[in-house]
Amino acid sequence: MTTTSAPRRRTLPAVLAAAAVALAALLVPASPAFAHDELVSSDPSADAVLDALPAQITLSYSADILDSEGATVIQVTDAAGTSLTDGAPTVSGTVVTQGLAGTASGAVTVVWRVVSSDGHPIDGTFSFTVPAAPTPTPTATPTTTPSATPTPEPTVTVTATSAPTENASEASPLPWILLAVALLIVVGLVVWLFVVRGRRGSAGSGSAGTAGR
């Protein structure tokens, strides 16, 4: 009995040691010290609905991201597959920033790839939505009725006439000439009458003297 119990006692510690090694092998991959970094948050967030395309997107990770050339790649495309990125991404500790440019409507897809602090590359994708701008309703253009061109009124030219002279007879010598002629006629008639009467008187006196003789 002493011979058979000794091997069993020596086998038990070996079995326990093997079990401990197996348990350690199972627990080591799950240890936080060996876990890879991961995306913690983003701005805009996944499935967000925005009024317009933002000027940039920001990705925040659980640990520092390696800032080496070509290690960080951010692709942002609209629903038609058009690239919306503007320049290269910038890395600052745990934050990666990517500028955007252009306009978008519909689903916007973000595909990212970075190298975590343990040197292991990690990647992922998410999307957000920019609604299409409403199509403006065309308004009827009012038709302008041409107004009738006013007919120019005739210009009345008033010619200033000189006022008639109050004493027109004084301005013309004709009345004076006629008056002088009339006076001459009157004077002639008076003289003629005196001459005729004188002749008649002389003739009467001569007749009376002859009769007395």
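Throughout what follows, the structure given in this document is the object of discussion. (Residues numbered from 1 in each chain as written. Predicted model: local features only at pLDDT ≥ 70, side-chain atom pairs only at ≥ 80, totals over all residues. Heavy atoms only, no water.)

Digging into the overall build of the protein chain
Moving on, step 1. Assigned secondary structure in the protein chain consists of three helices and seven strands.
Moving on, step 2. From first element to last, N terminus to C terminus, the protein chain shows the α and β order α-β-β-β-β-β-β-β-α-α.
Moving on, step 3. Residues counted as buried form 17% of the 213 residues belonging to the protein chain.
Moving on, step 4. Expressed as a percentage of contacts within the protein chain between residues at least 6 apart in sequence, the contacts between residues at least 24 apart total 57%. (Helix = DSSP H or I, 4+ residues; strand = E, 2+ residues; numbered from the N terminus. Buried < 20%, exposed > 50% of the residue type's maximum accessible area, 1.4 Å probe, protein only. Contact = heavy atoms within 4.5 Å.)

Focus on the sheet that holds strand S1 (residues 39-43)
By way of backbone hydrogen bonds, the strands of a sheet pair with one another, either parallel or antiparallel.
Moving on, step 1. Strand order in the open sheet formed by four strands is S1-S2-S5-S4, and the pairing between neighbours is antiparallel. Sheet topology places S1 and strand S4 (90-92) at the edges, where each strand pairs with a single neighbour. Averaged over all neighbouring strand pairs, the angle between strand axes comes to 20°, with direction disregarded.
Moving on, step 2. Bridge count for S4 against strand S5 (residues 95-99) is three bridges, and the pairing is antiparallel. In the sheet register, Ser92 faces S5, and the bridge partner there is Val95. (Pairing = 2+ DSSP bridges. Axes fitted to C-alpha atoms, helices over the stretch in contact; angles between N-to-C directions.)

Description of a nonpolar patch on the surface
Moving on, step 1. Nonpolar side chains collect at one region of the surface, where Leu174, Ile177, Leu178, Val181, Ile185 and Leu189 lie side by side and expose about 570 Å² of accessible area between them.
Moving on, step 2. Secondary-structure assignment places Leu189 in helix H3 (residues 174-212). (Patch = residues over 30% accessible without salt bridge, like charges linked within 9 Å, V, L, I, M, F, W, Y side chains within 5 Å. Areas by Shrake-Rupley, 256 points an atom, 1.4 Å probe, with all protein chains shown as cover. Salt bridge = Lys/Arg side-chain N within 4 Å of Asp/Glu carboxyl O.)

Some thoughts on unusual backbone geometry
Moving on, step 1. Note that the residue after Asp43, namely Pro44, is joined by a cis bond; omega there is 5°.
Moving on, step 2. Turning to its location among the elements, Pro44 is positioned in the loop between S1 and strand S2 (56-61).
Moving on, step 3. In this structure, Asp47 is a non-glycine residue whose phi angle is positive, near 70°.
Moving on, step 4. Positionally, Asp47 belongs in the loop between S1 and S2.
Moving on, step 5. A relative accessible area of 64% places Asp47 in the exposed class.

Topic: the sheet that holds strand S3 (residues 73-77)
Moving on, step 1. Taken in spatial order, the three strands make up an open sheet running S3-S6-S7, and their pairing is antiparallel. Because the sheet does not close on itself, it has two edges, and the strands there are S3 and strand S7 (121-130). Neighbouring strand axes in the sheet, compared pairwise and without regard to direction, differ in orientation by 10° on average.
Moving on, step 2. Here 10 bridges tie strand S6 (residues 106-115) to S7, and the two strands are oriented antiparallel to one another.

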